[in-house]
Amino acid sequence: RHHGIAGFRMPSKFPIVRTGLTRGRVSAAVPCTRSNARLPSVRILSRYFAARFLTLFAAILLASTLTVSVVELLLNFDDVIASGAETGGVLAHLLLRVPAYYLGHLIPISVFAASFFSLGLATRWLETTALAAGGISPQRAALPIVCVAVGLGVVSHILDETLMTLSTRASSQQSGSREDELTFR
């Protein structure tokens, strides 16, 4: 047997880490300071909430994009039939029109819904209660979601200035409108 912190005998091979007033066992050797005693668990927690948020964001964005595509196809079905386009032409029409007109609105809606659902699911599954019992504040748990949402906002802005502008131009050329014509989204 070996001696642990301050000469106490430990029956386990894991060292005791001081985390304020309580002592707990950890599986790896960690320097005994108050600032980094909970750091590995918080990193895992951040990855967990960020992964859940990104998964929900992707699922909601895909579902809303497919819904908008079906509605767009049904609204413009006469134009598609009149043009005599085959399946490839219909898909090209949708791939140009959906990013041009709807993606700028779908990304912020999907970010809001994913953040709402990820925090709501954490509350429903009593994960927020476990966080409070572990001494981690709810703001700390929401931080990775906020950081990823800000990153998605930057990506959305970049897409709005590049992909959506090109898609709008290509969609207007495909529909036969003149370039000097002023159109509003």
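None of the values given here were measured: they were computed from a predicted structure.

A.B. asks: I'm lost on the pattern of salt bridges in this one. Help?
C.D. replies: Following the criterion strictly, the structure yields two salt bridges and no others. The shortest N-O distance in the salt bridge between R52 and E127 comes to 3.0 Å. Remark: E127 occurs in helix α5 (residues 127-134) and R52 occurs in helix α1 (residues 39-75); sequence separation between them is 75 residues. Across the pair, E127 and R52 agree in class, each one buried. With a shortest N-O distance of 2.3 Å, R97 and E72 are connected by a salt bridge. Residue R97 is located in helix α3 (residues 87-101), and its partner E72 is located in helix α1; the two are separated by 25 residues in the primary sequence. Taking the relative accessible area as the measure of exposure, R97 reaches 23% and is therefore partly exposed. The exposure class of E72 is buried, given its relative accessible area of 2%.

Cut-offs used in this document
- Residues numbered from 1 in each chain as written.
- Predicted model: local features only at pLDDT ≥ 70, side-chain atom pairs only at ≥ 80, totals over all residues.
- Heavy atoms only, no water.
- Salt bridge = Lys/Arg side-chain N within 4 Å of Asp/Glu carboxyl O.
- Helix = DSSP H or I, 4+ residues; strand = E, 2+ residues; numbered from the N terminus.
- Buried < 20%, exposed > 50% of the residue type's maximum accessible area, 1.4 Å probe, protein only.

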